[in-house]
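What the coordinates show
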Amino acid sequence: MVFITRPVTVEAMVVKLTDDITRAVSDLTRHGYCLLTCPISDDEFRKLRNRLSTVMSSERENGTAFIYDGDNQRVFSLLNKGIEFERIVANETVCGVMEHVLGYNFMLSSTHANVAGPSGPSMNLHADQTFARPPWPPYALVANSMWMLDDFTPDNGATRIVPGSHLFNRQPDYAAGEGDTETIPVCGPAGSVMVFDGRLWHQTGHNTTRSEYRRGILNYYCRGYVRQQQNFFAGLEPEVLDRATPTMRRLLGWENYLSLGMLDGLP
């Protein structure tokens with residue numbers, strides 16, 4: 001088993017915001033993550049952020065909010081909660097990067113919001129494909145995208161990572177103390193999108209502020225033969241599927257992956 005034998009060299013690992021897909025894919029391959037400049041218009045972004053704020057507040061007011069670790073909040077099943085969330089799931093720029101990681105006919109696994117509330121503690125260090133029993137294959141089974149709806153800073157709970165840890169190709173060994181491995185915050189202005197390999201070790205950061213809510217939307221994708229985290233066949237509102245584009249239907253799983261997903265033999 002391979003263990004970390006040296007501290008993370010932040011200067012050698014940091015990536016920059018980019019709108020160059022080639023650069024983004026290079027960063028993702030080398031460091032396990034990349035950082036995209038906002039791939040939607042200012043108006044679309046404003047509507048997206050406002051819609052999430054409305055849903056967050058509504059769920060707190062009606063008692064259905066998932067609140068944990070103080071004032072941290074998760075908002076699940078976003079596709080059922082606003083057309084604004086549907087649009088970013090199939091965003092061409094983000095999906096273009098995802099295809100490099102997950103290959104042919106990858107799917108949406110789940111979509112939800114992660115809100116780090118004031119004084120919210122950090123999450124345990126983890127990788128997103130811990131559902132897969134070791135040994136892992138030498139490539140990602142899943143990948144994630146974090147849409148930053150607020151500025152992500154070291155103080156307000158920005159996602160923290162161990163750069164390059166996707167190349168360890170395993171989850172942290174907690175018994176060996178790797179859960180306490182040094183991490184760095186991934187910071188960016190509101191609108192930025194962090195795309196990261198499902199093997200990358202990461203965590204929600206500690207929000208040390210007294211009043212800031214750090215809001216992010218996680219659109220989580222998987223290879224076409226991996227079971228989705230969210231059961232869209234059972235839980236998706238009919239009107240969402242009715243207006244789905246061919247790309248969205250594929251992302252949701254309404255298309256064969258080679259010979260998988262058949263109804264009555266090969267089409």
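Quick notes on the rules
- Residues numbered from 1 in each chain as written.
- Predicted model: local features only at pLDDT ≥ 70, side-chain atom pairs only at ≥ 80, totals over all residues.
- Heavy atoms only, no water.
- Disulfide = S-S within 2.5 Å.
- Buried < 20%, exposed > 50% of the residue type's maximum accessible area, 1.4 Å probe, protein only.
- Core = buried A, V, L, I, M, F, W, Y, C linked by side-chain atoms within 4.5 Å.
- Helix = DSSP H or I, 4+ residues; strand = E, 2+ residues; numbered from the N terminus.
- Contact = heavy atoms within 4.5 Å.
- Phe/Tyr/Trp six-rings, centres within 6.5 Å; stacked < 30°, edge-to-face > 60°.
- Lys NZ or Arg CZ within 6 Å of the ring centre and 35° of its normal.
- Pairing = 2+ DSSP bridges.
- Axes fitted to C-alpha atoms, helices over the stretch in contact; angles between N-to-C directions.
- Parallel < 35°, antiparallel > 145°, perpendicular 65-115°, else oblique.
- Left-handed = near helix turned anticlockwise from the far one by under 90°.
- Nonpolar A, V, L, I, M, F, W, Y, C, P; charged D, E, K, R; others polar.

**A few points about the state of the cysteines**
Per the counting criterion, the structure on display carries zero disulfides. A disulfide-free cysteine, C95 has its sulfur positioned 12 Å from the sulfur of C222, the nearest such atom. Taking relative accessible area as the criterion, C95 reaches 10% and is therefore assigned buried. When its relative accessible area of 0% is taken as the criterion, C222 is described as buried.

**Here we look at the nonpolar core**
It is characteristic of soluble globular proteins that their nonpolar side chains tend to be buried jointly. Membership of the largest hydrophobic core comes to 42 residues, with the highest contact counts inside it found for L52, V195, I217 and Y221. Of all the elements, helix α5 (residues 92-102) adds the most residues to this core, at six residues. Setting aside chain neighbours within four positions, we find L52 in contact with V75, L78, F85, A113, L149, R215 and I217. Core analysis: the second largest hydrophobic core is formed by 14 residues, V15, L35, M194 and L218 among them.

**Concerning the packing of aromatic side chains**
Any aromatic ring pair is given by two values, namely how distant the centres are and how the planes are angled relative to each other. In this structure the tally under the stated criterion is seven aromatic pairs. A ring pair is formed by F106 and Y221, whose centres lie 5.7 Å apart and whose planes are at 75 degrees; its orientation type is edge-to-face. Here Y221 lies in strand β11 (residues 214-222) and F106 lies in the loop between α5 and β5 (107-116), a separation of 115 residues in the sequence. For Y221, a relative accessible area of 0% gives the class buried. Between F233 and W254, the ring centres sit 4.4 Å apart and the planes meet at 40 degrees, which makes this aromatic pair tilted. Of this pair, F233 sits in helix α6 (residues 232-235) while W254 sits in the segment after α8 (246-252), and the two are 21 residues apart along the sequence. Judged by its relative accessible area of 48%, F233 falls in the partly exposed class. W254 gets classed as partly exposed once you look at its relative accessible area, which sits at 29%. Taken together, the ring pairs connect F66, Y68 and F76 into an aromatic cluster. Positioned above the aromatic ring of F106, the side-chain terminus of R250 is 5.0 Å from the ring centre.

**Details of the pairing of β5**
Among the 10 residues of β5, 10 are classified as buried, and the element is accordingly described as predominantly covered. Here strand β4 (residues 72-75) runs beside β5; their pairing, made up of three bridges, is antiparallel. Residue pairing across strands places R74 opposite N114, the latter belonging to β5. Bridge analysis of β5 against β11 gives nine bridges, and the strand direction is antiparallel. Looking at the pairing, A113 lines up with I217 of β11.

**Topic: the packing of helix α2 (residues 21-31) against α5**
Direction vectors running N to C along α2 and α5 enclose 45 degrees, while the axes themselves pass 10 Å from each other. Considering the angle they form, α2 stands oblique to α5. Like other packed secondary-structure pairs, α2 and α5 cross with a definite hand, here right-handed. For the pair α2 and α5, contact is made by I21, A24, V25 and L28 and by T93, V97, H100 and V101, respectively. Along the lines of polarity and charge, the residues of the contact of α2 with α5 split into six nonpolar, two polar and no charged.

**Thoughts on unusual backbone geometry**
Cis rather than trans, the peptide bond between P134 and P135 has omega equal to 0 degrees. Take P135: it is sitting in the loop between β5 and β6 (142-148). For S119, which is not glycine, the phi dihedral falls at a positive 65 degrees. Its location among the elements puts S119 in the loop between β5 and β6.

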